[in-house]
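Understanding the architecture of this molecule
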Amino acid sequence: TIMTNNKATEDTTTRREAVVTDLALSKQVDKAEMKAGETATYTLTVTNNGPSESSGAQIIDTLPKGMKFASSSDGCVDSSGTVTCSVGTLAKDATKAFHITVKLASPYTGTSPIVNTASVDAPGDTNPDNNKGTATTKVTPDPLVTPEPKPDPVPVPTLSEIGMLLMLLLVGMVGAMQLRRRR
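Throughout this document, residue positions are counted from 1 along each chain, in the order its sequence is written. Thresholds applied to this predicted model are a pLDDT of at least 70 for local features of residues and 80 or more for the giving and counting of side-chain atom pairs; totals over whole chains, interfaces and linings are not thresholded and use all residues. With hydrogens and water set aside, each side-chain value is computed from the structure's full complement of heavy atoms.

**With respect to the nonpolar core**
Remark: nonpolar core denotes a set of buried residues (Ala, Val, Leu, Ile, Met, Phe, Trp, Tyr, Cys) joined through side-chain atoms within 4.5 Å. Here the term buried applies to any residue with accessible area under 20% of the maximum for its type, exposed to any over 50%, and partly exposed to those in between, with areas from a 1.4 Å probe on protein chains only. Ranked by internal contacts, the top residues of the largest apolar core, which has 28 residues, are Val-46, Ile-59 and Met-67. Strands are runs of DSSP state E lasting at least 2 residues, helices are runs of H or I lasting at least 4, and numbering of each runs from the N terminus. Those elements that place two or more of their residues in this core are β3 (21–29), β5 (39–51), β6 (54–62), β9 (82–90), β10 (95–104), β11 (114–121) and β12 (132–140).

Spelled out as structure tokens, the structure:
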């Protein structure tokens, strides 16, 4: 920390040291089907396949369009639709589960099914092929809402081309008669 003229400046860094390990991620959802406005809970399970204890890993879950983060009982945090969970220290052959509750927009205008993929980011991971977990949820369409019937529009009378020509001729004749009377 450097202090000058009532101003403090502090430089910090976040360091995640690479440790030779193999973390794997699996992902499940508690609902196979959702309706607009409902919540669902994703369970993300990290497994350390060794050979060493892991530290500094994190789970990254970018939520699909139409899903919003609601809560996490395991310390996961949301930043503009990207949820991160700090794994912390994980012993060889150990697992750790994280729960993320999300809410589906209402009305929901996205695609069905919703495919949500998360990944575990671990410095020094020797097998990146098992670092992703995916869960799929079907979205039940909203029942059709029948709008109130609108009254029929009032018709506006119009003239055909011949009618317009006749009208123009009539107006022209009336105008010509008015000019003659003034002379």
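**Considerations on the state of the cysteines**
Any cysteine sulfur atom paired with another within 2.5 Å is treated as part of a disulfide. Counting across every chain of the model gives one disulfide. Paired through a disulfide, Cys-76 and Cys-85 show a sulfur-sulfur distance of 2.0 Å. Measuring handedness by torsion sign, the sulfur bridge of Cys-76 and Cys-85 sits at about 115° and is right-handed. Like Cys-85, Cys-76 is buried.

**What about the sheet that holds β9?**
As summarised here, the arrangement of the six strands in space is β4-β12-β11-β6-β9-β8, forming an open sheet in which the pairing is mixed. Only two strands of the sheet have a single partner each, and these edge strands are β4 (33–35) and β8 (77–79). The sheet shows a mean angle of 30° between the axes of neighbouring strands, taken without regard to direction. At least two DSSP bridges between two strands are needed for those strands to be called paired. Relative to β12, β11 runs antiparallel, the two being bridged by six bridges. Following the sheet pairing, Ala-118 is matched in β12 by Gly-133. Angles run from 0 to 180 degrees between N-to-C directions of axes, and those axes are lines fitted to C-alpha atoms, restricted for helices to the stretch in contact.

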